[in-house]
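For reference, the chains in residue letters:
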Amino acid sequence: MLGWLLFATWCVFSVRALAGAFLKWRRAANEQEKDTARRCAVIAAIRALLIALGLRLLTWFARVYVFALWYQDLGYGNRYWTEFNTKMLLFWVAFVPVAIFYAANAYALRGLFAPDGRITKLLFRAGAAVLCLGGAVYFGFDAELYWDDLLLFLHQQPFGKTDPVFAKDIGFFVFTLPILQIVTYTIYDVVKLATTVVAIVYGAMWSIRFYLDRKRDTQSGRPGRIWQAGAAHTARLGILLLMPIALNAFIGRYKVVYSAHGHVYGAGWTDLFVRIPAYWLYIATIAAVIPCLLLTVYSRQVRNRFRKVAILFGCVLAVRWCALDILPDMVQTAHVDPNELQLERP
């Protein structure tokens, strides 16, 4: 009830402020007054967002306080605060680096709006701040979901039995492997989201500048510079994206002990002699492509840069598709299944 009341209060004041700024803009007599009205609208929107965040924090503190009293009354206060502290740790461990990473990408995009007016730059800064903080908050809340995996990892104990494939204690697959997968997938999602947004921004700005040049019948050269800058920026992010992909492939080798590709559960002949070497081939391909991408991005020859980057990423995708998808299925169907009794014998 308190949350809905605060939300209704925020809506009333925010709509009033935004409506006032809109009326000022409609009644403006010249461009200077319109710019002032636009600036007031942006400031009102930012103020409304900050107020919304403040109200959200207020309801969150109330919720935490009520749950703490409840668990304390039941005699499980230590259990609640252990979960709470672990979630807070995961939130800030994810929030801070993600916010810095997204802010660095937004800072690299500032040159696209440098020649434009003050309002455009103000809108870009406000939008960049919202996207950076929103993305960081999202991944912070997502990290909180794995608080129990972190506690299991920190308090793990050996099983005393060794896996016959990788000669590792079974505790590694129960406690360590899940947290490694979570970290790898999170880094991959963070970089993938940044790459997608950056590509969209560069594509939109290139389209706008190209349309304006065609409309004005001019050759400003800005669409070409935006295209080259976009190719370089997305290629750098692509290099960062390949790193968690390679790490995930390295971790993926251990998941063959859970394999269900054969007729029995666990690592089969195809997993041991085809899929694990295919993972190493995939990792070696990524390791070879990354230096080539670095040379392409930082080379002074900007001609056909986008095509070279696309070819290199295409090689990675081709190896991934052929080595990890097509080849194991072909070997399993053509060689292992007809000779299953001999090949799958313990």
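Residues numbered from 1 in each chain as written. Predicted model: local features only at pLDDT ≥ 70, side-chain atom pairs only at ≥ 80, totals over all residues. Heavy atoms only, no water.

Participant: Explanation requested: the packing of helix 3 (residues 77–108) against helix 5 (residues 147–154) in the structure shown.
Facilitator: Geometry of a packed helix pair, given as the angle between the helix axes and the separation of the axes. Look at helix 3 against helix 5: their axes get within 9 Å of each other, and the N-to-C directions meet at 100 degrees. On the basis of the axis angle, helix 3 is roughly perpendicular to helix 5. Across the interface between the two elements, R79, T82, E83, T86, K87, L89 and L90 from helix 3 touch W147, L150 and L151 from helix 5. Partitioned by chemical class, the residues of the contact of helix 3 with helix 5 number five nonpolar, two polar and three charged. (Axes fitted to C-alpha atoms, helices over the stretch in contact; angles between N-to-C directions. Helix = DSSP H or I, 4+ residues; strand = E, 2+ residues; numbered from the N terminus. Parallel < 35°, antiparallel > 145°, perpendicular 65-115°, else oblique. Contact = heavy atoms within 4.5 Å. Nonpolar A, V, L, I, M, F, W, Y, C, P; charged D, E, K, R; others polar.)

Participant: Mind showing me how you'd approach a nonpolar patch on the surface here?
Facilitator: A cluster of nonpolar side chains, contributed by I46, L49, L50, L53 and V130, occupies part of the molecular surface with about 420 Å² of accessible area. Examining the composition of the nonpolar patch, we find that four residues originate from one element, helix 2 (residues 31–74), more than from any other. Assessed through its relative accessible area of 45%, L53 is described here as partly exposed. (Patch = residues over 30% accessible without salt bridge, like charges linked within 9 Å, V, L, I, M, F, W, Y side chains within 5 Å. Areas by Shrake-Rupley, 256 points an atom, 1.4 Å probe, with all protein chains shown as cover. Salt bridge = Lys/Arg side-chain N within 4 Å of Asp/Glu carboxyl O. Buried < 20%, exposed > 50% of the residue type's maximum accessible area, 1.4 Å probe, protein only.)

Participant: What is the right way to look at the nonpolar core in this model?
Facilitator: With 44 residues, the main nonpolar core has F101, Y102, L242, Y282, I286 and L293 as its most contacted residues. Those elements giving two or more residues to this core turn out to be helix 3, helix 4 (118–144), helix 6 (170–216), helix 7 (222–252), helix 8 (269–297) and helix 9 (305–336). Among the elements that make up this core, the one with the highest residue count is helix 7 (ten residues). In this structure Y102 touches C132, G135, A136, F139, V190, L193 and A194, once residues within four positions along its chain are discounted. (Core = buried A, V, L, I, M, F, W, Y, C linked by side-chain atoms within 4.5 Å.)

Participant: Even after reading the chapter, I still don't get the environment of Q332, so can you show me in this structure?
Facilitator: Looking at where Q332 falls in the secondary structure, it is placed in helix 9. Measuring from C-alpha to C-alpha, the distance between Q332 and D271 comes to 9.3 Å, with 61 residues separating the pair along the chain. Within the structure, the side chain of Q332 is placed 2.6 Å from the side chain of T270, a separation counted as a polar contact. (Polar contact = N/O pair within 3.5 Å; in protein donor to acceptor, adjacent residues only side chain to side chain.)

Participant: Can you help me understand the pattern of salt bridges in this one?
Facilitator: A side chain with one charge can pair with a side chain of the opposite charge if their charged atoms come near. Tallying each qualifying case throughout the model produces five salt bridges. Ionic pairing is found between D271 and R275, a salt bridge with its closest N-O pair at 2.5 Å. With D271 and R275 both in helix 8 and four residues apart, this pair spans about one turn of that helix. Comparing D271 with R275 shows no difference in burial state: the two are buried. The network of salt bridges with shared partners includes R79, E83 and K87.

Participant: What's the story with the packing of aromatic side chains in this structure? I'm lost.
Facilitator: We describe a pair of aromatic rings using the distance from one ring centre to the other and the angle between the two ring planes. Using the criterion set out here, one finds 20 aromatic pairs in the structure. Aromatic side chains F172 and F173 sit 5.3 Å apart centroid to centroid with 85 degrees between the ring planes, which places their arrangement in the edge-to-face category. Here the two residues F172 and F173 agree in accessibility, since each one is buried. Three or more aromatic residues joined by ring pairs form one cluster here, namely F67, W70, Y71, Y80, W81 and F84. Across the ring face of F172, the terminal group of K168 is positioned such that the distance to the ring centre comes to 4.9 Å. Seen from the ring of Y254, R253 lies directly overhead, with NZ or CZ sitting 4.7 Å from the centre. (Phe/Tyr/Trp six-rings, centres within 6.5 Å; stacked < 30°, edge-to-face > 60°. Lys NZ or Arg CZ within 6 Å of the ring centre and 35° of its normal.)

So yeah, pure geometry; function would need other evidence.
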